[in-house]
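Listed below are the residues making up each chain.
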Amino acid sequence: MKERDHGPPRWMDRIIEFYCRKDLLEDLQGDLHEYYARNLDKSRRKANLIFFLDILKFCRLYTIRKPKLIGQMTFFNLMQNYFKTSVRSIARNKLFSSINIVGLAVSMSIGILMITYLSQLFNYDEFHEKKELVYKIGTHYTDLDDGDVIDLASTSVYIGDLLKKDYPGIEDVLTLQGWADKDFTFNDKTLQLDGIYGSESFYNLFSFEMIEGDPATALIEPYTIVLTESAVEKFFDDESPVGQVFKSGEDLYTITGVMKDMPSNTHLPSFEMIESFATRRQKAKDSKGFVSWGNVWNYHVYLLLEENTSIETVDNYLKEISSEENAKRDHYTLSFDLVNLAHLVPGTGKSNNIGPYINWTDINKLLVLTAIILITACFNYTNLSVARSLRRVKEVGVRKVVGASKKQVLSQFLLEAILISIIALILAFGLYLLIKPEFIREVVDSESVELSFRINHVLWYFTFAVLIGVFAGLLPAIILSRLKAISILKDASRLKLFKGLTLREVLIVFQFTVSMALIISATISYRQYEFSINYDLGFRSENVLNVSLRDTDLDVELLKTELEKIPEVLDISTAIMLPGTQSMYMLDVHYQEDSLGIYYNRVDAEYLRLHEISYLVGGGFPLERKDSLAYIVIDEKICEKFGFEKPEDAIGEIFKNANDGRKLQVSGVMKDYQYADLQNTLGPTALVQNYDDKAYYLNILVKSDNMIELMDKLEGAWRSVDEVHPFEAEFYDDQLQQAYAEYKTMFRLFTFLSLIAISISLMGLLGIAVFTTEARTKEISVRKVLGASEKNLIYILSKGFIIILAISSLIAIPLAYYVFDTYVLVEFRERITIGPTELLPGVLLIIFVALATIGWQTLRASKTNPADMLRNE
Amino acid sequence: MKGTNLGEFEEIVLLTIASLLTEAYSVNIVDEIADITGRKTKLGVVHAVLKRLEDKGLITSELGEPTKERGGRRKRFFTVSHTGKVSLMKAKEQRDKLWNNIPELVFQGIR
């Protein structure tokens, strides 16, 4: 364009082209250009300026494009009208509106819950300033012998040290370990503090606020600790804690800093104290295994990358290191991954997490259930609106004749749906507040989840309500907007609205399938839970009180003597773990040339007596101990693996503990002993005599009618021996039940959801039943006049619904069976078989209630006097 | 109807269009008014008036040939319509009547 050199700047032209009406533009723009050419004689700048001012001056009412603006004005007016119509229609149809609003509100309260929960989950570790650059190393452990793959959140100290020393691009490395809980003594006061071990870069990578002390140096030296504010309050009044010395056992710890209490939305466990990782290193300096390639079970390593280091670079470092190291090993391989600090929670299902952990798969399950409930409620709206639309047909007809477009009718009915959904939102919020505490306690089961309200949630809730409104209202809106004005007004009664009839039935089938599947799920979960807690474990657990011994220096014998003084105490034994409660200890034993990894419990002779272990052959071990060897009671699996043909052959044989070389003589072979809970496979198991007085639990067999009084007595005995630690005693049966708490939760969750789904679908069914019987009153009257009996009428009216219920149960029963049989119950080694007793009761209950709902309506309709109905025809 | 009476500036513009014959387009009109009356009118004002006159049906317009100085855009030429001519005549008649009613001696001493 040659003219451009002489013309005004293009952007100025664009302005006028933007606002000016098409029919005026060419002429006006031409004029301005002509003037511009004239002004160019003076100076280009002046010409530009005048041109620009002219453009602004010409922006007048008659030049700017009007159609759009006017369209908006009418749109606004129409909206007002739609709004009024919607409110009136909601108010007029009280039954339908309340069914819709209540149904939506109930399901939306769960939606709100999920939104709040998710928003909190995505908030984890967001407060760290360097979160973009901080990555945590995770480990994939592959056992080459049995092919097991374990995904670990932990890794080895070794890899962290190596990366820090030899690899460029990594600014800092942090090593953490959990479980640093210790008793500290200061000024004659002894208290236990929960803690973690952290290396000196703790405050460099994480943004925790230090109140006193230097965050850069606080954790460098061995035997230094940083306290949180609440820990400081436990020990100190006013004086500054920094520089003070705490005593723990023989060790002296210097306090080097005080930090603010940690927030709950982090992947770290809640701690009151951080001990320098250097202490850990110093204590373990003689142990070869501490900093080794394979010690990946306890330590957590975080990397702070330099700004320009890509994560691929570090990934390649890790691949390089692991391929080199794996080549040296026969039994396992390790590979690593990097997870950004802000993406640790929710995570992808790793074990050995340092703190709170929420698995994506669990969240997804909850999301799917929420979506199903929401869809069920939306279908209610869809169904009832379509059914009711016959009454709105005339309104649509008039609107269309007056000139409403398809789009306008569509937006009117969408608006109505959104309005209902927003009313439901308000109700839902109230319900949400009611169910929130229960949800946190039962489903989330984590102290770190608070579900606190934030102002931006309002926006989310609102968006959610609008989306639900659109989803629920779209179908009826489309159906109504497609109607032809002429056919409506010519003869509304002959209108074929019910092309959607099959669709409506499909929606009801969906609702009832969901309800039935959920109630079956609840039944199955409950049956499995009941089965699990009543399963015969092969040892006595009733009336056994387990006391955890947190202090390893405790004089157990003294405690036993004190406890035995209480008459209600029948027997006392010690053990290092409690079988059936999900914890496990492993041990390598040698027998001649063979070696075997076995699950074991270290117990005293009293343990066998107290727990009533039953033997195939042999018996328990004697009360007194020998220095040279210890006794062991094994199960049949060990016999089998070590090649004894009969259990008798094993008696008296000597095994060797591969860890410390101790000889173990077999004193008996026991019958089924359920070491693991029913979800875990049962490996070879043994009970090893407690040859070095190590014990973490005291098992007390009690007999008392007054448990509260007994507990007081027991606690008194405990207090006389251990003043520092709280008395923690629980009945074994309760602890065993806790191992299956997940299934109890599942049962409660499914029950809750199925109740919601059932009530929503029943409300929907009621609405539809009311509508159909109303629409068919004339038909009923005519039939009655012609001689149909009430029974006949009820049959005719409910036939359709019965078919729907039958189809639903035909879908729901196999579906629930399949899901539980192939996905859920396979987790159990010992499980129930799903039969009619699990599948049918819930379904029959729903069918019964549904039929009662329909029956109520049909009975009423069949009882009407035909004369009343037909008189006015 | 309000529009039957011409405003003062409307009348001037209308007369200018009539006097320019086939050359009456916005820029020319502004120039011509400046030449004859000595009034510095703005294009925006003239443009608005032209628009109003066209809405009243007093003038008609058509697009001419594109010219280079206008960046290849066409001019809009205006002509006075029949109604326009009638209202101009009517306005002139009214004024003539009024002039005729004024005795000579009123203007004595001015000429």
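Note that the coordinates shown come from a computational prediction; the quantities given were computed from them, not determined experimentally. (Residues numbered from 1 in each chain as written. Chains lettered and ligands numbered in written order. Predicted model: local features only at pLDDT ≥ 70, side-chain atom pairs only at ≥ 80, totals over all residues. Heavy atoms only, no water.)

Trainee: I'm lost on the overall build of chain B in this one. Help?
Mentor: Across its full length, chain B holds four helices and two strands. Residue burial in chain B is summarised as follows: out of 111 residues, 38% are buried. Taking as baseline every contact in chain B between residues at least 6 positions apart, the subset at least 24 positions apart corresponds to 53%. Carbon together with sulfur atoms contributes 55% to the accessible area of chain B, which is approximately 7200 Å² in total. (Helix = DSSP H or I, 4+ residues; strand = E, 2+ residues; numbered from the N terminus. Buried < 20%, exposed > 50% of the residue type's maximum accessible area, 1.4 Å probe, protein only. Contact = heavy atoms within 4.5 Å. Areas by Shrake-Rupley, 256 points an atom, 1.4 Å probe, with all protein chains shown as cover.)

Trainee: Could you clarify how one ought to interpret the overall build of chain A in this entry?
Mentor: Each helix and strand counted, chain A has 25 helices and 24 strands in total. In chain A, 80% of the contacts between residues at least 6 apart in sequence involve partners at least 24 apart. When the accessible area of chain A is evaluated, it comes to approximately 42700 Å², of which 57% is carbon and sulfur surface.

Trainee: Got a minute to help me understand helix H10 (residues 311-326) of chain A in this structure?
Mentor: Structurally, the α-helix is built with 3.6 residues per turn, so residues lying three or four positions apart point the same way. Residue and element names in this part refer to chain A. Look at H10: 22 Å from first C-alpha to last across 16 residues, which is about the 22 Å you get at 1.5 Å a residue. Restricting attention to buried positions, one finds in H10 the residues Val 314, Tyr 317, Leu 318, Ile 321, Ser 322, Glu 325 and Asn 326. With its buried residues spanning 145° around the axis, H10 presents them on a single face. For H10, the exposed residues lying more than 90 degrees away from the buried face are Glu 312, Lys 319 and Glu 324. Considering only its buried residues, H10 is in contact with strand S1 (134-143), helix H6 (157-166), strand S3 (170-177), strand S12 (299-305) and strand S13 (332-340). (Expected span 1.5 Å × (residues − 1). Arc of directions from axis to C-beta.)

Trainee: I'm lost on the nonpolar core in this one. Help?
Mentor: Most often, soluble globular proteins have nonpolar side chains that are buried together. All names here are of chain A. If you look at the biggest cluster of nonpolar residues, it comprises 112 residues, and the most contacted ones within it are Met 108, Phe 202, Tyr 203, Phe 206, Leu 268 and Tyr 302. Non-local contacts of Phe 202, meaning those with residues more than four positions away in its chain, are made with Leu 174, Leu 176, Ile 196, Phe 208, Leu 219, Leu 268, Phe 271 and Ile 274. Listed in part, the 46 residues of the second largest apolar core include Leu 537, Leu 610, Tyr 631 and Ala 686. (Core = buried A, V, L, I, M, F, W, Y, C linked by side-chain atoms within 4.5 Å.)

Trainee: I would appreciate a short explanation of the interface of chain A and chain B in the present structure.
Mentor: Interfaces are often sized by the accessible area lost when the parts come together. At the interface, 21 residues of chain A touch 17 residues of chain B. For the pair chain A and chain B, the summed buried area comes to about 1900 Å², and 51% of that belongs to carbon and sulfur atoms. Interface area lost by chain A to chain B is led by Glu26(A), Asp27(A) and Glu34(A), which between them contribute 30%. At the junction of chain A and chain B, the tally comes to three salt bridges. Where Arg74(B) meets Glu26(A), a salt bridge forms, and the shortest distance between an N and an O atom there is 3.0 Å. Inspection of the region where chain A meets chain B yields five residue pairs in polar contact (both at pLDDT 80 or more). Of all the secondary-structure elements, those providing two or more residues to the side of chain A that touches chain B are helix H1 (10-19) and helix H2 (22-39) of chain A. If one sorts the elements of the side of chain A that touches chain B by residue count, H2(A) sits on top with 14 residues. Residues that form the side of chain A that touches chain B fall into these classes: seven nonpolar, three polar and eleven charged. (Buried area = accessible area lost by both parts, 1.4 Å probe. Salt bridge = Lys/Arg side-chain N within 4 Å of Asp/Glu carboxyl O. Polar contact = N/O pair within 3.5 Å; in protein donor to acceptor, adjacent residues only side chain to side chain. Nonpolar A, V, L, I, M, F, W, Y, C, P; charged D, E, K, R; others polar.)

Trainee: Quick question: what am I supposed to make of the pattern of salt bridges here?
Mentor: Where side chains of opposite charge bring their charged atoms close, a pairing between them can arise. All names here are of chain B. A full pass over the atoms with the stated rule returns 38 salt bridges over all chains. The shortest N-O distance in the salt bridge between Glu 10 and Lys 56 comes to 3.0 Å. Of this pair, Glu 10 sits in helix H1 (residues 8-20) while Lys 56 sits in helix H3 (residues 43-56); the two residues are 46 residues apart in sequence, bridging distant segments of the chain. Judged by relative accessible area, Lys 56 falls into the partly exposed class, the value being 31%.

Trainee: In this structure, what is going on with unusual backbone geometry? I would like to understand it.
Mentor: As a rule of thumb, non-glycine residues mostly have phi less than zero, and peptide bonds are mostly trans rather than cis. Residues and elements named next belong to chain A. A cis amide bond links Val 345 to the next residue, Pro 346, at an omega of -5°. Along the chain, the position of Pro 346 falls in the loop between S13 and helix H11 (360-402). In this structure, Tyr 223 is a non-glycine residue whose phi angle is positive, near 60°. Structurally, Tyr 223 can be placed in the loop between strand S7 (210-212) and strand S8 (224-228).

Trainee: Help me out: how do you make sense of the side chain of Ser754(A) in this one?
Mentor: All names here are of chain A. Within the element layout of this structure, Ser 754 appears in helix H21 (residues 741-775). Residue class for Ser 754 comes out buried when judged on its relative accessible area of 3%. Here the side chain of Ser 754 touches Thr 751 through a polar contact of 3.0 Å, landing on its backbone oxygen. Contacts of Ser 754, omitting those with residues within four sequence positions, involve Ser 515, Leu 518 and Ile 519.

Trainee: In this structure, what is going on with the packing of aromatic side chains? I would like to understand it.
Mentor: Aromatic ring pairs are described here by two measures, namely the spacing of the ring centres and the angle between the planes. All names here are of chain A. Under the definition given, this model contains 44 aromatic pairs over all chains. Three or more aromatic residues link up through ring pairs in this structure, and these residues are Phe 127, Phe 202, Tyr 203, Phe 206, Phe 208, Phe 271 and Tyr 302. Positioned above the aromatic ring of Tyr 197 is the side chain of Arg 280, whose terminal nitrogen or guanidinium carbon lies 5.8 Å from the ring centre. (Phe/Tyr/Trp six-rings, centres within 6.5 Å; stacked < 30°, edge-to-face > 60°. Lys NZ or Arg CZ within 6 Å of the ring centre and 35° of its normal.)

Trainee: Before we go on, may I ask you to explain a nonpolar patch on the surface in this structure?
Mentor: A cluster of nonpolar side chains, namely Trp99(B), Ile102(B), Leu105(B), Val106(B), Phe107(B) and Ile110(B), defines an oily patch on the protein surface of about 630 Å² accessible area. Looking at the secondary structure, you find Ile110(B) in the segment after helix H4 (82-101). (Patch = residues over 30% accessible without salt bridge, like charges linked within 9 Å, V, L, I, M, F, W, Y side chains within 5 Å.)

Trainee: What am I meant to see in the confidence of the model for chain B here?
Mentor: In regions of low pLDDT, the predicted coordinates are not meant to be interpreted in detail. With 95% of its residues at a pLDDT of at least 70, chain B reaches an overall mean of 84. If you check the scores for this complex, the pTM reads 0.70 and the ipTM reads 0.83. (pLDDT = per-residue confidence, 0-100.)

Trainee: I would appreciate a short explanation of the pairing of strand S17 (residues 594-603) of chain A in the present structure.
Mentor: A regular strand places its side chains on the two faces of the sheet in alternate fashion. All names here are of chain A. One ladder, built from six bridges, connects strand S16 (residues 586-591) with S17; its direction is antiparallel. Across the sheet, residue Met 586 finds its bridge partner in S17, namely Tyr 599. Counting the residues in the hairpin turn of S16 and S17 gives two residues, including Gln 592, whose phi is positive at 50°. Here five bridges tie S17 to strand S22 (residues 685-689), and the two strands are oriented parallel to one another. Within the sheet, the bridge partner assigned to Tyr 599 lies in S22 and is Thr 685. (Pairing = 2+ DSSP bridges.)

Trainee: How do you make sense of the pairing of strand S1 (residues 59-67) of chain B when you look at a structure like this?
Mentor: Residue and element names in this part refer to chain B. Here seven bridges tie S1 to strand S2 (residues 73-80), and the two strands are oriented antiparallel to one another. By the bridge assignment, Glu 62 is partnered in S2 with Phe 77. As consecutive antiparallel partners, S1 and S2 are separated by five residues, and within that stretch Gly 71 has a phi angle of approximately 65°, a positive value.

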